[in-house]
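What follows is the residue order along each chain.
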Amino acid sequence: MDKQTVVVLFGGRSSEHSISSATAGGVLQAIDRDRYEVIPVGITREGAFVLEEDAPAKFALDAAHLPEVVDNGSRVLWPEPGGTRSLRVVHADGEVEDLGTIDVVLPILHGTHGEDGTIQGYFDTLEVPYAGGGVLDSALCMDKHFMKVVLEAAGIRVAPWVTVRRGDGPHSADAQRAGIEALGLPVFVKPARAGSSVGVSKVSDLDELEAALELAFAEDEKVLIESGVSGREIEVAILESADGVRASLPGEIVLTARGFYDFEGKYLGGDGVEVVCPAELSDDQITAIQDTGVRAFAAVDGRGLARVDMFLTDEGDLVVNELNTMPGFTPISMFPKCWVASGLSYADLIGELIEAGLRR
């Protein structure tokens, strides 16, 4: 069988550049080289598409090393719509090299300009197949305000929230403060369009609110202030395959000495947090969580994959926190762990994503 050529695309202009690069390192390490020819393409922090090294170890993530795509002077030239899918690169010395015909792009991108529908629309325009979410679900799930609106409309429970925008006037601020006080403490302050817990704060006293807003506004001009939900933090992985949409066994974030599941806990192996999959749950709870995950995926018109994060309250209710349309694939990330626990290897998971992109 002829190998299919996959462009693994990573990096990007968002604050999650290093996480994307680390995720790509894991994918480059695990992808089945007997099935796929791989072309690594990085996006620098300034937005240049460069031909990267096929070197997984270069993108390892640890507290002392946050990997990134460095501008090496090359420039990738994407195929023209309606023509052949020939990918070319202009090297730093001006030489133009034809890299061959590509079959599909695997965009391992997090945050703005990658996970928000923009790169998906770009590849739709170029008529180049790609794996993962489409334009609509990516854009909806990137904006936590509109994601909540859509989920609520589908009858899926979400945490109460107030949305604030930079530049809102004094009258609006008074109304917002009243709304915030009605939420009760603690609240979580988070940028509407950022991920990986970047810019997120837990506020247990209103005196902490101003600093938390300042941190969140550094990431986005629109910020959510969300009621804290007491319960177990449960995550379930959703995958679109040839046989339809299916959900993994659920996992659980267990906080032992950390206020919430922050950047360090997610990606740097920080103390005080355990990522457990499968979670210790009853059969009925597993079924309800999987059903809620699939319903949430359908509500946002999900494509390819998603990780659905939710709380299981002491009363047994499920409250969806968010959907992530390109969850992390780093070695300690929940998405691949849940699929491995469900009987799907890391390499086969990547294969399923690629094949779903090709079926489009």
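Residues numbered from 1 in each chain as written. Predicted model: local features only at pLDDT ≥ 70, side-chain atom pairs only at ≥ 80, totals over all residues. Heavy atoms only, no water.

A. Highlighting the pattern of salt bridges. Enumeration over the complete set of coordinates arrives at 18 salt bridges. Here D143 and K222 are joined by a salt bridge, their closest N and O atoms 2.8 Å apart. Here D143 is found in the loop between α3 (135–142) and α4 (144–153), whereas its partner K222 is found in strand β11 (residues 222–227), with 79 residues between them in sequence. D143 gets classed as buried once you look at its relative accessible area, which sits at 7%. Salt-bridge contacts for R246 lead to E352; the nearest nitrogen and oxygen are separated by 3.0 Å. In this pair, R246 is assigned in strand β13 (residues 244–247) and E352 in helix α10 (residues 346–359), connecting sequence segments 106 residues apart. When salt bridges with common partners are traced through the structure, they connect D143, R193, D220 and K222 into a single cluster. (Salt bridge = Lys/Arg side-chain N within 4 Å of Asp/Glu carboxyl O. Helix = DSSP H or I, 4+ residues; strand = E, 2+ residues; numbered from the N terminus. Buried < 20%, exposed > 50% of the residue type's maximum accessible area, 1.4 Å probe, protein only.)

B. Focus on the pairing of strand β9 (residues 187–191). Buried residues dominate β9, accounting for five of its five residues. Along β9, one buried face is formed by V187, V189 and P191 and the opposite face, lined by F188 and K190, is buried too. Alignment of β9 against strand β10 (residues 201–203), held across three bridges, turns out to be antiparallel. Counterpart to V189 in the pairing with β10 is S201. Inspection of the sheet shows β9 paired to β11 by five bridges, in the antiparallel sense. Within the sheet, the bridge partner assigned to V189 lies in β11 and is I225. (Pairing = 2+ DSSP bridges.)

C. Representation of the domain arrangement of the chain. Assigned domains of the chain: these are domain 1 (4–130), domain 2 (140–157 + 230–344) and domain 3 (161–227). If you average the C-alpha positions of domain 1 and of domain 3, the two centres end up 34 Å apart. In this assembly, four residues from domain 1 lie in contact with six residues from domain 3. Roughly 310 Å² of surface becomes buried between domain 1 and domain 3 when both sides are summed, with 43% attributable to carbon and sulfur atoms. By the criterion of area lost to domain 3, the three top residues of domain 1 are S15, E16 and T112, representing 88% of everything that side buries. (Domains from an automatic or database assignment. Contact = heavy atoms within 4.5 Å. Buried area = accessible area lost by both parts, 1.4 Å probe.)

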